[in-house]
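Spelled out from the first residue to the last, the chains are:
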Amino acid sequence: MKNCVCDVCGYIYDPAVGDPADGIKPGTAFEDLPDNYLCLECGADKSNFSLVD
């Protein structure tokens, strides 16, 4: 599982941490997030994220 960065604000989604505030459990891969997932920092939609190498 790789981290993904929001291209709008730079927030990094870390699958090892998940997003507990939104009910996303640790260990959830970015591609497994719901299609309506929004960035925690700026509200950008899932299509605005890129894989971090």
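Residues numbered from 1 in each chain as written. Predicted model: local features only at pLDDT ≥ 70, side-chain atom pairs only at ≥ 80, totals over all residues. Heavy atoms only, no water.

## Let's talk about the nonpolar core
Reasoning step 1: One finds Cys4, Cys6, Tyr11, Tyr13, Ile24, Phe30, Leu33, Tyr37, Cys39, Ala44 and Phe49 forming the largest nonpolar core, which totals 11 residues.
Reasoning step 2: Every residue in contact with Tyr13, bar those within four places of it in the chain, is listed here: Asn3, Cys4, Gly18, Asp19, Ile24, Thr28, Ala29, Phe30, Leu33, Tyr37 and Phe49. (Core = buried A, V, L, I, M, F, W, Y, C linked by side-chain atoms within 4.5 Å. Buried < 20%, exposed > 50% of the residue type's maximum accessible area, 1.4 Å probe, protein only. Contact = heavy atoms within 4.5 Å.)

## A closer look at the sheet that holds strand β2 (residues 12-13)
Whenever strands of a sheet pair, they do so through backbone hydrogen bonds, lying parallel or antiparallel.
Reasoning step 1: The strand order β2-β1-β3 describes an open sheet built from 3 strands, whose pairing is antiparallel. The sheet is open, and its two borders are formed by β2 and β3 (49-51), each paired with just one other strand.
Reasoning step 2: Sheet analysis places strand β1 (residues 4-6) next to β3, joined by 3 bridges and oriented antiparallel. Counted as the bridge partner of Val5 is Ser50 from β3. (Pairing = 2+ DSSP bridges. Helix = DSSP H or I, 4+ residues; strand = E, 2+ residues; numbered from the N terminus.)

## Details of the side chain of Lys46
Reasoning step 1: Looking at where Lys46 falls in the secondary structure, it is placed in the loop between β2 and β3.
Reasoning step 2: Although Lys46 is buried, it forms no salt bridge, and the closest oppositely charged side chain is Asp35 at an N-O distance of 4.2 Å.
Reasoning step 3: Polar side-chain contacts of Lys46 include one of 3.4 Å to the backbone oxygen of Phe30.
Reasoning step 4: Contact partners of Lys46, with chain neighbours within four places excluded, come to Phe30, Glu31, Leu33, Pro34, Asp35 and Tyr37. (Lys, Arg positive; Asp, Glu negative; His and termini not counted. Salt bridge = Lys/Arg side-chain N within 4 Å of Asp/Glu carboxyl O. Polar contact = N/O pair within 3.5 Å; in protein donor to acceptor, adjacent residues only side chain to side chain.)

Spatial relationships are all this shows, so hold off on functional conclusions.
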